[in-house]
Amino acid sequence: MNDIISELERRREEARTGGGKKRIEAQHHKGKLTARERIELLLDENTFEEFDMFVTHRCTDFGMDQTKFSGDGVVTGWGTINGRMVYVFSQDFTVFGGSLSETHAAKICKIMDMALQNGAPVVGLNDSGGARIQEGVASLAGYAEVFQRNIMASGVIPQISVIMGPCAGGAVYSPAMTDFIFMVKDSSYMFVTGPDVVKTVTNEIITAEELGGATTHTTKSAVADGAYSNDVEALAEVRRFFDFLPLNNRDKPPKRPFYDDPVRLEYSLDTLAPENPNVPYDMKELIIKIADEGELFEVKKDFAQNIITGFIRLEGSTVGVVANQPMVLAGCLDIDSSRKAARFVRFCDSFDIPLLTLVDVPGFLPGTAQEYGGIIVHGAKLLFAFGEATVPKVTVITRKAYGGAYDVMSSKHLRGDFNYAWPSAQIAVMGAKGAVEILYRTEINDSELVKQRTEEYESRFANPFVAAEKGFIDEVIMPHSTRIRVSRAFATLRNKKSQNPWKKHDNIPL
């Protein structure tokens, strides 16, 4: 018996060292943690239960049968984050560069199947050179098996990808189908074809960082939802983010202890929106002053900054926030902001997370670039997302709500549950100047008459009362009472029941 125990300990120790001490040192030299160190930081202490520690590859070609490592380049298992169950896989770059083999893929598929069966999220820590060339089509088949599970798990359990090294070729499509992607600056990158291939095919000379680094994917492509300075910060933020999410689509969002007054009044909000409707203000100030303890976890904060998406808590419960940002493009909706917000709204609806929409939108961004880029279809994505959502929806119009953008931003007509407006709200087809130029086009040469007509239009429509008279606004509220009014609204909606007509699935304009 002692011999068997000694053999077990020896094998475990061998498996824990991955590709060996030299490769671990090389990993550390790059400023990167090992696969196991990452899991230790991500999960609660001493909660990790590992699967398939002794699995090895089955390849015999190219001398591979002479080189085998226990675990085959990926560490898999489950544990807890702040006491809540999560399944995790962490690719080990010290073993064959973290490349994916048939057995490597089978290990990932196994924990994904268990996560789906048991209703718990999956976090993937990606650090891989791609498919293992020596295995050929078997490794490609392994990728496809993982992809299929990503698809089946979508909308059922939250899936989070953390890119902590290279992720190239077919490997990028698994993270792309997960709900959120986080990257590490200067040490992670994602692309379908690398710099060498790009140079050969298009004659472009570009670095891996420029082509698919964290900055590129958080500011230009919107592939990633956030980027952090190093492995430690990234994993700490993933732990914080995890606390906002339910375990599955049948679970309610987590409720955490809170130390903020639910009836707190914020009198500074009474002067947040400037009297001049053309002067911008920071919508994040409103979000932070509404939220419990002023905590906001922003998603895609460096992309399409004219709209803000993220998570807050109200009375301890998670709420998804979508808000126009007047500081950028005057808060106009464009292609990028519509895509960003639509994706976020659909995630919240999939996992029963209530939606708070803060509106200050002068319309859709005009121009040939937007029209040629398909703003019609992309704007329809956000319209579709809000309209199909059955979760509790509360909307507050702080200032402008013009034209079709008023409809799109979770208006009462898209089954908004509570639609509030501040006294500074202006709900109209368009701004006064544009309206007067159309309505009184024969008088536009008379500046005094134009000024008079503009003032008349503003007095009629530059307020929330016309919409309130028609029942499109449920209440005109004082800005300082926004937190208490919104919190009470969500409290009344906790048992909301709403269903869409039966369908196999919808056909959102993609």
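Before reading further, recall that the structure is shown in the block above.
Residues numbered from 1 in each chain as written. Predicted model: local features only at pLDDT ≥ 70, side-chain atom pairs only at ≥ 80, totals over all residues. Heavy atoms only, no water.

## Structural notes on helix 3 (residues 35-42)
- Every buried residue belonging to helix 3 is among Ala-35, Arg-36, Arg-38, Ile-39 and Leu-42, and all of these are buried. Taken down its axis, helix 3 places every buried residue within 155 degrees of arc, on the same side. (Buried < 20%, exposed > 50% of the residue type's maximum accessible area, 1.4 Å probe, protein only. Helix = DSSP H or I, 4+ residues; strand = E, 2+ residues; numbered from the N terminus. Arc of directions from axis to C-beta.)

## A few points about the nonpolar core
- By size, the foremost hydrophobic cluster in this structure holds 59 residues, and its most contacted members are Phe-311, Leu-382 and Ile-397.
- Of all the elements, helix 12 (residues 335-350) adds the most residues to this core, at six residues.
- Tyr-87, Leu-100, Cys-109 and Ala-171 belong to the second-largest nonpolar core, a separate cluster that totals 28 residues. (Core = buried A, V, L, I, M, F, W, Y, C linked by side-chain atoms within 4.5 Å.)

## What about the packing of aromatic side chains?
- Under the defined criterion, the tally for this structure stands at 17 aromatic pairs.
- Between Phe-182 and Phe-241, the ring centres sit 5.3 Å apart and the planes meet at 75 degrees, which makes this aromatic pair edge-to-face. A residue pair is termed long-range when its members are at least 10 positions apart, and Phe-182 in strand 7 (residues 180-184) and Phe-241 in helix 10 (residues 231-242) qualify at 59 residues.
- Judged by relative accessible area, Phe-241 falls into the buried class, the value being 0%.
- With 6.0 Å between their ring centres and 55 degrees between their planes, Phe-418 and Tyr-420 make a pair best called tilted.
- For Phe-418, a relative accessible area of 23% puts it in the partly exposed group.
- Judged by relative accessible area, Tyr-420 falls into the buried class, the value being 6%.
- Following the ring pairs from residue to residue traces out a cluster consisting of Phe-180, Phe-182, Tyr-228, Phe-241, Phe-244, Phe-297, Phe-311, Phe-344, Phe-347 and Phe-351.
- Lying over the aromatic face of Phe-93, Lys-32 brings its terminal NZ or CZ to 4.6 Å of the ring centre. (Phe/Tyr/Trp six-rings, centres within 6.5 Å; stacked < 30°, edge-to-face > 60°. Lys NZ or Arg CZ within 6 Å of the ring centre and 35° of its normal.)

## Things to note about the packing of helix 4 (residues 102-118) against helix 5 (residues 137-153)
- Relative orientation of the contacting elements helix 4 and helix 5 amounts to 10 degrees, with a least axis distance of 8 Å. As the angle between them shows, helix 4 and helix 5 are arranged roughly parallel. In terms of crossing hand, the pair formed by helix 4 and helix 5 is left-handed. For the pair helix 4 and helix 5, the contacting residues are Glu-102, Ala-105, Ile-108, Cys-109, Met-112, Asp-113 and Leu-116 in the first and Ala-138, Gly-142, Glu-145, Val-146, Arg-149, Asn-150, Met-152 and Ala-153 in the second. (Axes fitted to C-alpha atoms, helices over the stretch in contact; angles between N-to-C directions. Parallel < 35°, antiparallel > 145°, perpendicular 65-115°, else oblique. Left-handed = near helix turned anticlockwise from the far one by under 90°. Contact = heavy atoms within 4.5 Å.)

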